[in-house]
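Residue strings, one per chain:
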Amino acid sequence: MKRKIIAYNFVLTEALEQLDDRFEVEYFDGINPKTDSAFLDALKQAEGIVGLALPVDKELLEHAPLLKIVSNNSTGFNNLSLDEMTKRGVMGTNTPGVLEDTTADAIFGILLAAARRIAELDHFVKAGHWTGHLTTEQYAIDVHHKTLGIIGMGRIGSTIAKRGHLGFDMKILYHNRSRNIEAEEKYDATYCDLDTLLKKSDFVCLMPPLTPETENLIGEREFKLMKNSCVFVNGSRGKTVDESALIEALRNKEIYGAALDVYRIEPINENHPLLQFPNVVTTPHIGSSTFETELKMANLAVENLLAGLTGKRPKNLVNPEAFKGE
Ligand code: DGY
């Protein structure tokens with residue numbers, strides 16, 4: 001009998017061609033993993049799962065007695081309950097090292113779009129409202145030579161700092177669990193506490209992984225500390241921000257605008273109040289979503305999966321304690 005693998009919300013299925021005929025892949029897309037009976041049935045036999053944003057918790061693990069590895073097709077792994085997985089010897093992996101430039105491009109792109117009102121003015125032109133010379137109604141704010149505050153100076157954060165400093169002559173402030181000496185040396189980044197960063201930055205860019213420490217990191221108090229001219233950018237996970245506090249800050253004009261690639265609930269509901277603000281730029285969690293990068297991620301996710309299923313240590317293991325040795 002072939003060994004079963006579940007591919008969950010895994011778009012570039014050609015990457016699975018690396019698997020040989022020892023494995024049988026069952027595909028699931030857009031299902032509710034808590035209730036879908038075919039999925040729950042497949043879990044009973046599955047030795048590996050490869051995919052995006054599947055909540056792997058105690059309940060799921062109890063349905064999957066043969067599971068050895070969950071290979072995330074993302075760099076974030078907040079969907080994995082690592083304690084529960086490690087207890088059962090189930091490995092978790094992610095896909096760092098191949099998506100930083102692409103994600104930094106997207107996040108810097110929405111930052112620029114919010115500052116220069118690109119999406120809003122695109123609608124202005126297409127709606128036929130450009131009928132004379134521009135007035136202050138269409139003016140925006142500069143990005144170059146401003147202060148960019150980055151919260152979460154990991155690989156993606158420092159790739160954003162590179163764009164800001166080398167491309168736009170921005171002064172870089174950052175807040176992180178630990179100092180990032182490379183970013184300090186290469187991009188003249190200055191480490192500071194969170195409140196100082198919030199008070200001094202013209203752009204606050206939120207990039208930390210979602211953990212118990214970063215959940216709701218930015219709320220009412222933090223928005224009040226920001227400048228009224230600040231653009232707030234979120235490229236991390238929606239739950240790092242209290243969305244009601246963001247809505248209040250926008251309503252009260254406590255900040256200039258926002259650029260969001262992530263939301264507490266994805267896809268965001270079309271009636272969500274955040275979508276009513278012209279000064280909020282929204283994208284559908286596109287950070288790494290280019291053809292080139294998604295293919296690299298998919299191949300890496302399958303490489304990690306295959307290693308875990310053949311007794312080798314996966315390259316991007318996030319819970320090393322679960323590895324039983326070669
Ligand atoms: C990542 O890789 O974590 C991106 O945010 C896609 O989920």
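Residues numbered from 1 in each chain as written. Predicted model: local features only at pLDDT ≥ 70, side-chain atom pairs only at ≥ 80, totals over all residues. Heavy atoms only, no water.

Novice: Looking at this structure, how should I read the overall build of the protein?
Specialist: Assigned secondary structure in the protein consists of 11 helices and 12 strands. Here the protein has a C-alpha radius of gyration of 22 Å; the compact-globule value for 326 residues is 20 Å, and the two agree. Expressed as lengths along the three principal axes of its C-alpha atoms, the size of the protein is roughly 70 × 45 × 35 Å. Taking all 326 residues of the protein together, the buried fraction comes to 50%. When contacts within the protein are restricted to residue pairs at least 6 apart in sequence, those whose partners lie at least 24 apart make up 60%. Positive and negative side-chain charges in the protein, numbering 36 and 46 respectively, have mean positions lying 3 Å apart. (Helix = DSSP H or I, 4+ residues; strand = E, 2+ residues; numbered from the N terminus. Rg over C-alpha atoms; globule rule 2.2 N^0.38 Å. Buried < 20%, exposed > 50% of the residue type's maximum accessible area, 1.4 Å probe, protein only. Contact = heavy atoms within 4.5 Å. Lys, Arg positive; Asp, Glu negative; His and termini not counted. Charge placed at Lys NZ, Arg CZ, Asp CG, Glu CD.)

Novice: Even after reading the chapter, I still don't get the pairing of strand β9 (residues 203-206), so can you show me in this structure?
Specialist: Regular strands have side chains that alternate between both faces of the sheet. Burial along β9 is two-sided: the residues Phe203 and Cys205 and Val204 and Leu206 are all buried. Summarising the sheet, strand β6 (residues 147-151) and β9 pair through four bridges and their orientation is parallel. If you follow Ile150 over to β9, its bridge partner there is Cys205. (Pairing = 2+ DSSP bridges.)

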